[in-house]
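Examination of the molecular architecture
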Amino acid sequence: MQEELKNIENCAIEDIKGARTSEGIDKVRVKYLGKKGELTKVLRGMGKLSAEQRPVIGKIANTVRENIEGSIASMINSIKQEELDDRLKQEVIDVTMPGKKITLGKKHPITQVMDDLISIFTKMGFKVAEGPEVESVYYNFDALNAAKNHPSRDMSDTFYISDDTILRTQTSPVQIRTMEKTKPPIRIISPGRCFRNDTPDATHTPMFHQLEGLVVDEGITLGDLKGTLEMFAKHFFGEHTKIKFRPHYFPFTEPSAEVDATCFKCSGKGCSLCKGSGWIELLGAGMVHPNVLKNCNIDPEVYSGFAFGMGIDRLAMMKYGIDDIRLFFENDMRFLNQF
Ligand code: FA5
């Protein structure tokens, strides 16, 4: 039995040396010291030994167990150390390596101009309203007092999705949606995308951006419209900017006007940007037509209002001196990075 115990110890030590992982060591422990392990089996046979032999063999068996346990413990320590060394090697950070360049994104120039406009008008007390880009013919034309035969309704000007659904051609439908939901006093702006079946050229793209403005209250006059737009032009283009109204026609305003500002490049003297006139066209505007107020259940005898709509892309062109609107939408980073 003594022989057998020595043999078990030698085999266990060999197995321990051969185990390279924590799991391997565990298997060895079970193989020799587990319930059905080799050493346990031998110890169970000790009952058959004589009274003199039992303490001698018991002592040897204990020493064998202690030796096996000791080897297992020291092997576990060295395996853990190896595993830690491996991990540290893998996770090592070389602080001398060149860093990865993180390129910061920025807002598209149109979005920057839109943010500027929102900031100017919200300081004047306007709230921002939104409307859908896929719009009904009712909100885009009918409720805005557009005659059934108005040329803008034509397939050649408007993208039709079905007979009564279109991509909105202007932000003006937000006027109706706002007046249906809110009763005066109303003071909103609404920036957003618009779509027209226009052939792309230096000043037209089929998708572009407008900013709508609407004010409705008791006693609103053309003077309020003029004051508001003058304030806007001075903030956007500079303190010395002047504006002028030219009579125009829009179905949803009466009277209607196109509004020009003194050219910010030459201060009204005349240059290549304003084609020598000293003026640059800014936007369309006018007093809200009584029919439009009636369509929204607002009494035109009590309330009056003004509205305006400007092309944001054209304003961005003026502000940055860009002579072709298409540049904004070609996604050329050499162009966009300049803003
Ligand atoms: C309108 O769309 C009116 N809804 C504006 C308005 C609102 C008038 C409220 C009165 C009261 P107009 O069709 O002129 O108006 O368009 C307004 C602006 O949108 C133009 O001055 C121009 O800056 C811009 N615009 C129109 N079509 C295009 C296009 N294809 N590409 C780029 N900008 C465009």
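Rules used throughout
Residues numbered from 1 in each chain as written. Predicted model: local features only at pLDDT ≥ 70, side-chain atom pairs only at ≥ 80, totals over all residues. Heavy atoms only, no water. Helix = DSSP H or I, 4+ residues; strand = E, 2+ residues; numbered from the N terminus. Rg over C-alpha atoms; globule rule 2.2 N^0.38 Å. Buried < 20%, exposed > 50% of the residue type's maximum accessible area, 1.4 Å probe, protein only. Contact = heavy atoms within 4.5 Å. Areas by Shrake-Rupley, 256 points an atom, 1.4 Å probe, with all protein chains shown as cover. Lys, Arg positive; Asp, Glu negative; His and termini not counted. Charge placed at Lys NZ, Arg CZ, Asp CG, Glu CD. Pairing = 2+ DSSP bridges. Axes fitted to C-alpha atoms, helices over the stretch in contact; angles between N-to-C directions. Parallel < 35°, antiparallel > 145°, perpendicular 65-115°, else oblique. Nonpolar A, V, L, I, M, F, W, Y, C, P; charged D, E, K, R; others polar. Near = heavy atom within 4 Å. Polar contact = N/O pair within 3.5 Å; in protein donor to acceptor, adjacent residues only side chain to side chain. Phe/Tyr/Trp six-rings, centres within 6.5 Å; stacked < 30°, edge-to-face > 60°. Patch = residues over 30% accessible without salt bridge, like charges linked within 9 Å, V, L, I, M, F, W, Y side chains within 5 Å. Salt bridge = Lys/Arg side-chain N within 4 Å of Asp/Glu carboxyl O.

1. Some words on the overall build of the protein
When helices and strands are counted, the protein shows eleven helices and ten strands. Relative to the compact-globule value of 20 Å for 339 residues, the protein shows a C-alpha radius of gyration of 42 Å, a clear excess of over 25%. The principal-axis extent of the C-alpha atoms belonging to the protein is close to 125 × 50 × 40 Å. The buried share of the protein, taken over its 339 residues, is 40%. For the protein, restricting intrachain contacts to residue pairs at least 6 apart in sequence, the fraction spanning at least 24 positions comes to 66%. Accessible surface for the protein amounts to roughly 19500 Å². Of this, 53% is attributable to carbon and sulfur atoms. Here the protein contributes 45 positively and 47 negatively charged side chains, and the mean placements of these two sets differ by 6 Å.

2. Some words on the pairing of strand S7 (residues 243–250)
For S7 and strand S8 (residues 253–262), the ladder comprises seven bridges, and the chain directions are antiparallel. Bridging across to S8, Pro-247 finds its partner in Ala-257. The turn linking S7 back onto S8 is made up of two residues.

3. Details of the packing of helix H2 (residues 22–33) against helix H4 (residues 53–90)
Taken N-terminus to C-terminus, the directions of H2 and H4 make an angle of 170 degrees; their axes are 10 Å apart at the nearest point. Judged by the inter-axis angle, H2 sits roughly antiparallel to H4. Contact residues: Ser-22, Ile-25, Arg-29, Tyr-32 and Leu-33 in H2; Arg-65, Ile-68, Glu-69, Ile-72, Met-75, Ile-76, Ile-79 and Glu-83 in H4. Residues that form the contact of H2 with H4 fall into these classes: eight nonpolar, one polar and four charged.

4. What to know about the site of the ligand
For the ligand, the set of nearby residues contains 23 residues, the closest of which are Gln-170, Ser-172, Arg-196, Asp-198 and Gln-210. Within the side chain of Gln-170, a nitrogen or oxygen atom sits 2.8 Å from a nitrogen atom of the ligand. Here Asp-198 contributes a side-chain N or O atom positioned 2.7 Å from a nitrogen atom of the ligand. Those elements giving two or more residues to the shell around the ligand turn out to be strand S6 (207–217), strand S9 (279–288) and strand S10 (304–311). Considering each element in turn, the shell around the ligand owes the most residues, four residues, to S10. Counted by class, the shell around the ligand contains seven nonpolar, eleven polar and five charged residues.

5. Quick word on the packing of aromatic side chains
Applying the stated criterion across every chain yields a total of 13 aromatic pairs. Arranged with centres 5.4 Å apart and planes meeting at 25 degrees, the rings of Phe-121 and Phe-308 form a pair that is stacked. Residue Phe-121 is found in helix H5 (residues 109–123), and its partner Phe-308 is found in strand S10; the two are separated by 187 residues along the sequence. With respect to class, Phe-121 is no different from Phe-308; both count as buried.

6. Some points on a negative patch on the surface
On the surface, a cluster of negative charge is made up of Glu-23, Glu-83, Asp-85 and Asp-86. Here the negative patch takes three residues from H4, the largest share from any one element. With respect to the element layout, Glu-23 can be found in helix H2.

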